[in-house]
Amino acid sequence: MKEKQTERPNILFILADQLRRTGLGCYGNPDVSTPVIDRLCREGLQFTHSVSASPVCAPYRATIQTGLYPHQHGVEGNGDLFSPCCKGLAEYFDEAGYETCFVGKSHFGRDEIEEKDGWVRPENRMGWKHWYGTGGDHHYDTPIYDEKGNLDKRYFGQYSASVRTGLAEDFIRQNRERPWLLQLNYSEPHVATMPALYRQPGIRERVRELNRELSLGLSEEQLSAPNPLSFYDSVPQHLLTRLLPQEYLDRYDPEKLRLDPNVPEKYARLTRFFLQEIYAMTTCLDDEVGKVLETLRQSGQLERTIVIFASDHGDMLSNGYLRFKGVPYQNAYRTPLIVWGPGVRAGQSGELVNSVDIFPTLLELAGIPRGEGLPGVSIAPAILEGRTGLQKDVLLGLATWRGIYDGRYFYAADNRTGQILPARLTDTQADPYDLENLAGREEYAPLQERMHARLLERLREAGDRKFLGE
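Residues numbered from 1 in each chain as written. Predicted model: local features only at pLDDT ≥ 70, side-chain atom pairs only at ≥ 80, totals over all residues. Heavy atoms only, no water.

Q: Account for the pattern of salt bridges, with residues named and values stated.
A: Using the criterion set out here, one finds 32 salt bridges in the structure. Arg387 serves as the salt-bridge partner of Glu385, at 3.7 Å between the closest nitrogen and oxygen. Glu385 gets classed as exposed once you look at its relative accessible area, which sits at 55%. One connected set of salt bridges, linked through shared partners, spans Asp393, Arg454, Glu457, Arg458 and Glu461. (Salt bridge = Lys/Arg side-chain N within 4 Å of Asp/Glu carboxyl O. Buried < 20%, exposed > 50% of the residue type's maximum accessible area, 1.4 Å probe, protein only.)

Encoded structure:
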């Protein structure tokens, strides 16, 4: 039994936070430096049509743990409380003889104890044997709690990405004899969420000064927003606080960063400062991934570890939005996905991948039988054998919209009026920046009707009765 277990691969699942598909060099970004991830992409398998079933943090993260759509596991927004409803990912691996470890941002839903950012009670950790779950997006001084829920002060003053890397490295070094599953969640390049900062009158005045000094173009309405959370969507955090090691910010000159054609001119200068921040955090993330891979190499485990790099969702920075997500636009729902390791074929795959597909894929890569009731499709055959045509479309959505994506066309409908009405139709190949909405155009009426009917069919298959109004 032990010999058979050691033949199974280790699985390292690395999750970035709010990193859109076009945010990496290997996905065509000429400005950002990501040599480690780019190498994984060259040597491994790059998926070009990966999407988030629900492009915000908590619904996606609960989906990874349960293998279910948000309407099935109950976390349909960041404010919903997660309650385990099924057998979790780690529980399957536990039963198969794997060591399991969770490191980093959990955010399966609303905090169970409001003042303990990221704390998850042991009974709600879905079977993870080793647990180092943290809060989200502060980047320095991210709170880490011990098993009893007490704040661990050892990590004060340290950058969160480095802390998470260190915890992951410790687990890797200490578990060389048995196969393991390690989920490593970073907060980069998500903006820091620090509402208390913006409740301070002095900070509000400093934002006004920066707006004038740097010609950021923020309107009086934005500057006067009563909700402090609205400011982190509007003001680059590194202009106000210590967000990450300065060396990474110094690598990027905002004046030289290129903008997508869907960025409105009024936000052009502001967006360049946001890009400086995002790219700096992404490069820092790339360095941290490199450290983990080096630890795998030094411990003799690199050649028997499958590495999966993904992101929970994207980031708009376009179409009139600033730092935003959860909307039916490509920058929000399309994500990077890279697989590297033993048995993984190299190259590109045009297979469709949804976040509900990650759970059954990890099971199959480890040779663990699939459980009942999982709606996702395993893409392990594409990873290991180069199989194609595993699914013809994927279902996604959030709040009042649901969408379907077939690798070229994306169609979304909205039910805010009580009726399910067309909202968006996009040719993603011809229009990668969502500049044109084809919904309602006469020449696209047959396509729209087909995709609308298919969307309703998929929703009924998935049992999304609330959206359907049934």
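Q: Run through the packing of aromatic side chains, naming residues and quoting values.
A: Per the counting criterion, the structure on display carries 16 aromatic pairs. When the ring of Phe108 is compared with that of Trp131, the centres are 6.1 Å apart and the planes differ by 75°; the resulting orientation is edge-to-face. Of the two residues, Phe108 is situated in the loop between strand 3 (99-105) and strand 4 (130-134) and Trp131 in strand 4; the sequence distance between them amounts to 23 residues. Here the two residues Phe108 and Trp131 agree in accessibility, since each one is buried. (Phe/Tyr/Trp six-rings, centres within 6.5 Å; stacked < 30°, edge-to-face > 60°. Helix = DSSP H or I, 4+ residues; strand = E, 2+ residues; numbered from the N terminus.)

Q: Now, about the side chain of Gln448: what can you tell me, with residues and values included?
A: Among the secondary structure elements, Gln448 is positioned in helix 15 (residues 445-461). When its relative accessible area of 13% is taken as the criterion, Gln448 is described as buried.

Q: Could you give an account of the confidence of the model for the chain, with specific residues and numbers?
A: Averaged over every residue, the pLDDT of the chain is 93; residues scoring 70 or more account for 99%. Below a pLDDT of 50 lies the segment residues 1-6, which in the model reaches 6 contacts outside its immediate sequence neighbourhood of four places, other chains included. (pLDDT = per-residue confidence, 0-100. Contact = heavy atoms within 4.5 Å.)

Q: Which residues make up the environment of Ile308, and what values do they have?
A: Positionally, Ile308 belongs in strand 6 (residues 305-311). Along the sequence, Ile308 and Pro122 sit 186 residues apart, while their C-alpha atoms lie 26 Å from each other. Not counting the four nearest positions on each side in its chain, Ile308 is found in contact with Ile11, Leu12, Phe13, Ile14, Leu337, Ile338, Val339, Leu362 and Leu365.

Q: Quick one: what's the story with helix 8 (residues 201-213), residue by residue and with numbers?
A: End to end, helix 8 covers 18 Å across 13 residues, agreeing with the expected 18 Å (1.5 Å per residue, within 8%). Looking at helix 8, one finds that the buried residues are Ile203, Arg204, Val207, Leu210 and Asn211. Looking straight down helix 8, one finds that the buried residues subtend no more than 120° of arc, so they occupy a single side. In helix 8, those exposed residues whose orientation departs by more than 90 degrees from the buried face are Pro201, Gly202, Arg212 and Glu213. Residues of helix 8 that are buried sit in contact with helix 7 (195-198) and helix 9 (220-223). Positioned one or two residues after helix 8, Ser215 has a phi angle of 55°, which is positive. (Expected span 1.5 Å × (residues − 1). Arc of directions from axis to C-beta.)

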